[in-house]
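Fold and contact review
One-letter residues, chain by chain:
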Amino acid sequence: MPDSIRLEVTRYRPDTDSEPQRQEYDVPLRKEWTVLDGLNHVKNEVDTTLSFRWSCRMGICGSCGMNVDGEPKLTCATFLTDYAPGPVRVEPLANFPVVRDLVVDLFDFMERLPRVKPWIIRDDDVTEVDGEYLQTPEELDAYKQFSMCINCMLCYSACPVYGLDPTFIGPAAIALAERYDLDSRDHGARERLDVLIEHEGVWGCTFVGECTRVCPKHVDPAGAIQRYKLKAAKESVKAFLLPRGTR
Amino acid sequence: MTEVRTYRRPMSIWWWTKKRSYFVFVMRELSSIFVAWFVVFLLLLVRAVGRGGAAYDDFLDWAASPGIVVLNFIAMGFLLLHTVTWFNLTPQAMAVRVHGRPVPPAVVIASQYVGLVVVSAFVYWLVTR
Ligand code: SF4
Ligand code: FES
């Protein structure tokens, strides 16, 4: 095994660069080193001006997403040895505006997330004060998979629909809506449907399926969206056929 | 909040050639055109049958012309792609449950092929009887 590997890192300094440039760094190639470890080595030993986000280093916080050799990855869970002998291209997550170097602007997503109301909505007056909402293990299983999302944005980066039309509400937001819809304690499905049957909602999705493939938490946003479409279609047919009171 | 100057990377119109999975997706979408073509072809056949023997013979001659044969050959390829890709995607789009238990994806996919064979056999029987 060679003892070093080359990182081809995209740099963008908004004060001096008119567009992103590429810069090369050689970093030690160690068996236990991830791409993030390589970047931290650069930051600590070679070039302190390099900017990127990270926090937990264990695939939990979702802040270290970048495109590695063109694929959206959690850099803390992507090993350098898998790319030996290199070079490894490290770019900011695709489909998002770049703030600086490897840091992207997630404002759009942050602004749109609350629109799908990702919290428990009740249509009665029961609150936590009245005691906990009980749930069986089966009821938990119904939505558990969709609750594993860490908002890493890899799915948005992989989605060509989002790339072409940034108003598309996107995979993780819809998966999260489904997560609450499937929760036995929740009564908010109707409210979320109103948001998601809009043009930017589920119908924007053409089922490319890349979101599911890149998701590090096996959330399957593509599955969530198609199931949502089925639900939305059923509601539309019902609304068309049945008088108001019986719906 | 201070305004940050961000850089928006343009998306190439060739994005779908950059990844195998994107390419397969675009081909799958394209296959719908060929599905529509077969519907038109079938309707033309039905019309020819309705107009009697001479029209039917004309239709058969036309259908056997090299251009149409090549087109149908390509269309058949896309139709197979359409069938296989959509059958494979069904379990993801539909959470099928029987007696409250989730049905494994492989079973959902297999049952679609069984359905395809049954319907094809019925049509074959109808046409050749
Ligand atoms: S759905 Fe998966 S890929 Fe998308 S933000 Fe959540 S964890 Fe990341
Ligand atoms: S640093 Fe937290 S997920 Fe990678």
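All figures in this text were calculated on a predicted structure; none of them were measured in a lab.

Some thoughts on the overall build of chain A
Within chain A, the regular secondary structure consists of nine helices and seven strands. When its C-alpha atoms are laid out on the principal axes, chain A stretches across 70 × 40 × 30 Å. For chain A, buried positions account for 46% of its 247 residues. Contacts in chain A between residues far apart in sequence, at least 24 positions, make up 64% of those at least 6 positions apart. Within the structure as shown, chain A displays about 12,200 Å² of accessible surface, and the carbon and sulfur contribution to it stands at 52%.

Focus: the domain arrangement of chain A
Residues and elements named next belong to chain A. Its domain assignment divides chain A into domain 1 (4-104) and domain 2 (107-241). Centre-to-centre separation of domain 1 and domain 2, based on C-alpha positions: 30 Å. Across the boundary between the two partners, domain 1 contributes 14 residues, which contact 15 residues of domain 2. Here domain 1 and domain 2 share an interface that buries about 1,100 Å² over both sides, 60% of which is from carbon and sulfur atoms. When the area that domain 1 buries against domain 2 is broken down by residue, the three leading residues are Pro72, Asn95 and Phe96, summing to 46%. At the boundary of domain 1 and domain 2, one finds one salt bridge. Notably, a salt bridge pairs Arg213 with Glu71, separated by 3.4 Å at the nearest N-O pair. Where domain 1 packs against domain 2, one counts seven residue pairs in polar contact (both at pLDDT 80 or more). Looking at the side of domain 1 that touches domain 2, the element that brings in the most residues is strand S4 (residues 71-74), giving four residues.

Examining the site of ligand 1
Looking at ligand 1, the residues that line it are Cys149, Ile150, Asn151, Cys152, Met153, Leu154, Cys155, Ala172, Cys215, Pro216, Val219 and Pro221 of chain A. Grouping the amino acids of the shell around ligand 1 by side-chain chemistry returns eleven nonpolar, one polar and no charged.

A closer look at the packing of aromatic side chains
Residues and elements named next belong to chain B. In total, this model carries 16 aromatic pairs over all chains according to the counting rule given. With centroids separated by 5.8 Å and ring planes inclined at 50°, the aromatic side chains of Trp37 and Phe41 adopt a geometry described as tilted. You can see Trp37 and its partner Phe41 sitting in helix H1 (residues 20-50), four residues apart, about one turn around the helix. Exposure remark for Trp37: the relative accessible area of 18% places this residue in the buried category. Owing to a relative accessible area of 15%, Phe41 belongs among the buried residues under this scheme.

A look at the interface of chain A and chain B
Between chain A and chain B, the contact holds 38 residues from the first and 20 residues from the second. Of the roughly 2,300 Å² buried at the junction of chain A and chain B (both faces included), carbon and sulfur atoms supply 57%. On inspection of chain A and its partner chain B, the count reaches two salt bridges. Listing elements by their share of the side of chain A that touches chain B, those giving two or more residues are S4, strand S6 (98-100), helix H5 (160-164), helix H8 (210-214) and helix H9 (221-241) of chain A. The element best represented in the side of chain A that touches chain B is H9 of chain A, accounting for five residues. Looking at the side of chain A that touches chain B residue by residue, the classes come out as 20 nonpolar, eight polar and ten charged.

Brief notes about the pattern of salt bridges
Side chains bearing opposite charge may pair, as long as their charged atoms lie close to each other. Residue and element names in this part refer to chain A. Using the criterion set out here, one finds 26 salt bridges over all chains in the structure. A salt bridge links Arg6 to Glu24; the nearest nitrogen and oxygen atoms lie 3.2 Å apart. Of this pair, Arg6 sits in strand S1 (residues 4-11) while Glu24 sits in strand S2 (residues 21-28), and the two are 18 residues apart along the sequence. Residue Glu24 is classed as partly exposed on the basis of its relative accessible area of 42%. Residues participating in the shared-partner salt-bridge network are Glu178, Asp181, Asp186, Arg192 and Lys231.

Notes on the environment of Gly59 of chain A
Residues and elements named next belong to chain A. With respect to the secondary-structure elements, Gly59 resides in the loop between helix H1 (35-46) and strand S3 (65-68). On the accessibility criterion, Gly59 (9% relative accessible area) is buried. Residues Gly59 and Ile150, spaced 91 residues apart in sequence, show a C-alpha to C-alpha distance of 8.5 Å. If near-sequence neighbours (up to four positions away) are discounted, Gly59 is found in contact with Leu74, Cys76, Ile150 and Lys217.

The rules behind each value
Residues numbered from 1 in each chain as written. Chains lettered and ligands numbered in written order. Predicted model: local features only at pLDDT ≥ 70, side-chain atom pairs only at ≥ 80, totals over all residues. Heavy atoms only, no water. Helix = DSSP H or I, 4+ residues; strand = E, 2+ residues; numbered from the N terminus. Buried < 20%, exposed > 50% of the residue type's maximum accessible area, 1.4 Å probe, protein only. Contact = heavy atoms within 4.5 Å. Areas by Shrake-Rupley, 256 points an atom, 1.4 Å probe, with all protein chains shown as cover. Domains from an automatic or database assignment. Buried area = accessible area lost by both parts, 1.4 Å probe. Salt bridge = Lys/Arg side-chain N within 4 Å of Asp/Glu carboxyl O. Polar contact = N/O pair within 3.5 Å; in protein donor to acceptor, adjacent residues only side chain to side chain. Near = heavy atom within 4 Å. Nonpolar A, V, L, I, M, F, W, Y, C, P; charged D, E, K, R; others polar. Phe/Tyr/Trp six-rings, centres within 6.5 Å; stacked < 30°, edge-to-face > 60°.

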